[in-house]
Structures are given as structure tokens and as C-alpha cells.
Amino acid sequence: MLTTATAAENSLKNHPNLDYTSFVRIQAIMNSVGEACTDLKREYDQCFNRWFAEKFLKGDRNGDPCMETFRLYQRCVQKAIKEKEIPIDGVEFMGPNKEKPES
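Nothing here was measured: the structure is a model prediction, and the numbers come from that model. (Residues numbered from 1 in each chain as written. Predicted model: local features only at pLDDT ≥ 70, side-chain atom pairs only at ≥ 80, totals over all residues. Heavy atoms only, no water.)

Caption draft 1: The overall build of the protein, seen in detail. Each helix and strand counted, the protein has 4 helices and 0 strands in total. When the 103 residues of the protein are sorted by exposure, 35% land in the buried category. Across the protein, every contact between residues at least 6 apart in sequence was considered, and the portion connecting residues at least 24 apart equals 52%. Looking at the protein as shown, the accessible area adds up to about 7100 Å², and 51% of this sits on carbon and sulfur atoms. (Helix = DSSP H or I, 4+ residues; strand = E, 2+ residues; numbered from the N terminus. Buried < 20%, exposed > 50% of the residue type's maximum accessible area, 1.4 Å probe, protein only. Contact = heavy atoms within 4.5 Å. Areas by Shrake-Rupley, 256 points an atom, 1.4 Å probe, with all protein chains shown as cover.)

This is the structure in C-alpha cells:
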């Protein structure tokens with residue numbers, strides 16, 4: 001199961017010249033694929049970054065307090081992808097359940 005923490009770790013591993021602080025800065029300035037999703041993205045990013053720095057990196061890997069916000073954001077992005085008719089065949093989706101947008 002892919003967790004949001006695992007996704008962040010993978011992003012950092014795949015970009016060895018990118019430190020966590022730079023990763024957070026880049027993440028903070030990026031908008032979402034759907035304008036309506038940008039506020040949810042920022043809310044999730046703030047929650048995740050706080051949890052990652054204050055809990056996960058200190059060894060507390062119990063739970064993810066941001067999962068509900070992540071799911072709301074994920075659904076918003078999936079809706080935006082569908083509305084914009086962005087081709088997604090063969091693309092793996094983020095998140096623990098990897099739900100594809102409804103057809």
C-alpha cells in the first residue's frame with residue numbers, strides 16, 4: 001500500500017539532488033491540475049509537511065492525520081482530470097487505494 005509518506009520518500013529518492021526543504025518549497029508553489037483543487041492541495045501539503053517533519057522523520061509512523069484531506073483532494077483532482085478530458089490510460093494513481101476516476 002502506497003502511503004503519502006512513502007510517496008514523499010520515493011520522490012526524494014528519485015531526485016537525489018533534491019533535499020526535503022527544496023521538495024517542500026517546490027510543492028508549495030505548484031497549483032493543482034484543477035483550479036478548484038488548489039486550496040485543498042495547499043491544505044493537504046501543509047498538513048502532510050507538518051506531520052512528516054514533526055512525526056514521521058522522528059520515528060512516529062502511527063497513522064496519517066492528513067488522509068481525509070488527501071482523499072478529498074484526490075477526488076477533486078480525479079474530477080478535474082475527467083472534466084478536462086486528460087488521457088490517463090496506463091497512469092498509476094496516487095494514494096493507498098489507487099482509485100481511478102469514475103467513468
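Caption draft 2: Geometry of the pattern of salt bridges. In the structure shown here, the tally under the stated rule is 3 salt bridges. A salt bridge links D45 to K41, with the nearest nitrogen and oxygen atoms 2.5 Å apart. Taken as a pair, D45 and K41 lie in helix α3 (residues 38–54) at a separation of 4 residues, close to a single helical turn. Here D45 falls in the buried class, since its relative accessible area comes to 7%. Overall, K41 belongs to the buried group, its relative accessible area being 7%. Put simply, K79 and E83 hold a salt bridge, and the shortest N to O gap is 3.8 Å. Remark: E83 and K79 occur in helix α4 (residues 67–83); sequence separation between them is 4 residues, near one turn of the helix. (Salt bridge = Lys/Arg side-chain N within 4 Å of Asp/Glu carboxyl O.)

Caption draft 3: Expanded view of the state of the cysteines. Counting across every chain of the model gives 2 disulfides. Each sulfur of the disulfide joining C37 and C76 lies 2.1 Å from the other. In this structure, the disulfide formed by C37 and C76 twists by about -95° around the S-S bond and is classed as left-handed. Here C37, found in the loop between α2 (20–29) and α3, pairs with C76, found in helix α4; they are 39 residues apart in sequence, far enough to count as distant. The exposure classification of C37 matches that of C76, with both residues buried. (Disulfide = S-S within 2.5 Å.)

Caption draft 4: Region of interest: α3. The end-to-end C-alpha distance of α3 is 24 Å, a good match for the 24 Å that 17 residues give at a rise of 1.5 Å each. For α3, the complete set of buried residues consists of T38, K41, Y44, D45, C47, F48, N49, W51 and F52. (Expected span 1.5 Å × (residues − 1).)

Caption draft 5: Structural detail: the environment of R75. Here R75 is to be found in helix α4. Between the C-alpha atom of R75 and that of C37, which follows or precedes it by 38 residues, the distance is 9.2 Å.

Caption draft 6: Expanded view of the nonpolar core. Within the largest apolar cluster, 9 residues are counted, these being Y44, C47, F48, W51, F52, F56, C66, M67 and F70. In terms of nonpolar packing, the next biggest core, distinct from the first, is built from 6 residues, C37, Y73, C76 and I81 among them. (Core = buried A, V, L, I, M, F, W, Y, C linked by side-chain atoms within 4.5 Å.)

Caption draft 7: Just the packing of α3 against α4, in detail. Relative orientation of the contacting elements α3 and α4 amounts to 150°, with a least axis distance of 9 Å. Considered as vectors, α3 and α4 are oriented roughly antiparallel to each other. The two elements α3 and α4 meet at a crossing, and its hand is left-handed. Note on element contacts: α4 touches α3 through T69, F70, L72, Y73 and C76, opposite L40, K41, E43 and Y44. Here the residues of the contact of α3 with α4 sort into 6 nonpolar, 1 polar and 2 charged. (Axes fitted to C-alpha atoms, helices over the stretch in contact; angles between N-to-C directions. Parallel < 35°, antiparallel > 145°, perpendicular 65-115°, else oblique. Left-handed = near helix turned anticlockwise from the far one by under 90°. Nonpolar A, V, L, I, M, F, W, Y, C, P; charged D, E, K, R; others polar.)

All we've got here are geometric facts, nothing functional implied.
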